[in-house]
Amino acid sequence: MIKYIRGWRRAACCAAFLLALFMFTEPLLVGSLRGQRILQLDLENAVQIAMGSSYRIKQLEMGIERTRFWLKSRRASLKSKVEMRLRAPEVKSVSETKWNSTIQRDEIVRSDTRRWQMDLYVTQPVLLFGYPTNGYLSLNNKIYRYAQQKNTSEVDYYNRFFVKFKQPFLLPNTLKNNIEDAELDLERSELDYIRDRVRLVDDIADDYYDLFEVVCRKSIYQNQIDNLRRAELIANDLARGASNHEIEATQARVELTNANEQLSKTLSDIRRESARIKQRLQLEYEDSVLVEPTFEIRQIDVDVDQAILYGYNLRPSLRRLAITRRKNEINLNNSKGWDAFHVNLEMTYGLENIDDQFNNIWRNYDNSYSISLQAYVPIWDWGRHKAQVDAYKVTVKKTELSIEENRNRIRSDIINAVANLEDYQQRAVNMKQSAGTIQEITDFGMEQYREGAISLQDLLQMITRQRETEMNFLDAYLGYRRSLLTLMVETYYDYENDISLLEKFRRQSS
């Protein structure tokens, strides 16, 4: 019997241990099965999560990769290119009208030919001190077999090796312009990438600070509730000794109910803001985000003139406008070559041979050469060419006006951002000192109310004043953080980490 009882006890202990273990691990197991995560969120890791999941950032990264390939393709045009063209075969059996000089009239002649031809080219753009001249030098080989069919077949073989030089004059250098245009496209894609990263930081910061604010408001209302509960307990103690304090206890409970209602609204706001930032970060519905508010205020002294220079030199908007202006200047340069007077020079020199035996065309070559100078002379186009050029000139002037307008706006925005930062920074420092001592004042008021030195109304005013002080500090601190963020976006300079955003994000993307 004793052994049975001891065995039962051991079984019960094991069952209790397993039950406790299951109860302890069950939430973790359920969370892992459902894919639930608890993320301790701050601004830095929120931005990192957003960067990793942003479709826009991924599209921009692919856009940069695409423009790099385009630039690689354009730069490759400065190198040699080898190509071959084949006619295998070209069959021609038609009747054509041809002039017969013997009989001095046209006659219809039927031709029946077979041509097998291969052309091999090695083409190299002509560079002068590393500068493309828009001309081309090529090594060429032409070989063909030409058979004429009539009663009997007559076959000729032709072989020619020659050097060809082609150079346009008085035309825009399209080869150089295309390469520069591709380089500008790549730079603009990189600027768009950095600009959208900064915009994403700005958007995530807004959502994060909204969540930060409601979490802090929850703590403030919780402090108010704790103070009101203490006041209610003191009022209840006083009411036991004197009936005239009963109304004060009731008044304290009413204030406590109102504070609880404010806390309930704040909890709803936290749920809403948490859902919003989870959607922004593309987290799962089951995931939870936690924010533990910390208040860090650093004294940041900003030189307005230096900040304006940062805005001029670092902000992508001005550089993008400068790129647009340069691309418009390239278009203007190209437009001057449309329907304009120009000259094309083409020269060839080489060796050739023709024979009815294929083996004989590889020896006993004859010299061959050609020179061609062609000019295009426009005479009258009803002002079409001039109107096209004038249109591009206006486009360039329009871009220059946009640059001037953008510089003035940047200057104004940065001056306002610096002024806002200085204002909120001083307010946050002052309010932090007040918020640090306000609880001691409330505690002292509790003791005075317990001793009868002040009334409950005075104590409630002190509790309300503590809540307002903490709220004012929160508003000042958020204003400080947001104004610092605005200054960073306006200048593209991170004053807290002393680094430009161009350097920061280019280094991260490399």
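No experiment lies behind these values; they were computed from the predicted model shown.

Further remarks concern helix H6 (residues 304-314). Every buried residue of H6 is listed here: Ala-307, Ile-308, Tyr-310, Gly-311, Tyr-312 and Leu-314. Where H6 starts, the residue carrying a side-chain oxygen 3.1 Å from the main-chain nitrogen of Asp-305 turns out to be Asp-303.

In this section: the packing of aromatic side chains. Across all of its chains, the model carries 18 aromatic pairs by this definition. Judged by centre distance (5.1 Å) and plane angle (50°), the rings of Phe-295 and Phe-473 are tilted. You can see Phe-295 sitting in the loop between strand S6 (288-290) and H6 and its partner Phe-473 sitting in helix H9 (residues 456-491), a full 178 residues away along the chain. Residue class for Phe-295 comes out partly exposed when judged on its relative accessible area of 31%. Judged by relative accessible area, Phe-473 falls into the buried class, the value being 7%.

Judged by pairing direction, the sheet is antiparallel, and its six strands sit side by side in the order S2-S3-S4-S5-S7-S8 without closing on themselves. At either margin of the open sheet sits one strand with a lone partner, and together these are strand S2 (81-100) and strand S8 (366-376). Averaged over all pairs of adjacent strands, the angle between strand axes in this sheet comes to 25°, irrespective of strand direction. Bridging between strand S4 (residues 131-149) and strand S5 (residues 153-169) involves 14 bridges; their strand directions are antiparallel. Bridge pairing links Ile-143 to Asn-159 in S5.

Leu-211, Phe-212, Leu-281, Val-302, Leu-459, Tyr-480 and Tyr-495 are the most contacted members of the largest nonpolar core, which has 85 residues in total. If you tally residues by element for this core, the top one is helix H4 (residues 174-241), at 23 residues. Contact partners of Phe-212, with chain neighbours within four places excluded, come to Val-291, Pro-293, Thr-294, Phe-295, Leu-474, Tyr-477 and Leu-478.

Here the residue pair Ala-88 and Pro-89 is connected by a cis peptide bond, since its omega of -10° sits within 30 degrees of zero. One non-glycine residue, Leu-170, lies in positive phi territory at about 65°. Residue placement: Leu-170 occurs in the loop between S5 and H4. Positive phi, normally seen in glycine, also occurs at Asn-364, with a value near 55°. With respect to the element layout, Asn-364 can be found in the loop between strand S7 (342-355) and S8. A relative accessible area of 65% places Asn-364 in the exposed class.

On to the confidence of the model for the protein chain, then. Of all residues in the protein chain, 90% have pLDDT values of 70 or greater, and the mean over the chain is 82. Within the protein chain, H6 carries the highest mean pLDDT (92), whereas helix H1 (residues 2-34) carries the lowest (40). In this model, residues 11-35 is a region of pLDDT below 50 whose contacts with residues beyond four sequence positions or in other chains number three contacts.

About the criteria used
- Residues numbered from 1 in each chain as written.
- Predicted model: local features only at pLDDT ≥ 70, side-chain atom pairs only at ≥ 80, totals over all residues.
- Heavy atoms only, no water.
- Buried < 20%, exposed > 50% of the residue type's maximum accessible area, 1.4 Å probe, protein only.
- Helix = DSSP H or I, 4+ residues; strand = E, 2+ residues; numbered from the N terminus.
- Polar contact = N/O pair within 3.5 Å; in protein donor to acceptor, adjacent residues only side chain to side chain.
- Phe/Tyr/Trp six-rings, centres within 6.5 Å; stacked < 30°, edge-to-face > 60°.
- Pairing = 2+ DSSP bridges.
- Axes fitted to C-alpha atoms, helices over the stretch in contact; angles between N-to-C directions.
- Core = buried A, V, L, I, M, F, W, Y, C linked by side-chain atoms within 4.5 Å.
- Contact = heavy atoms within 4.5 Å.
- pLDDT = per-residue confidence, 0-100.

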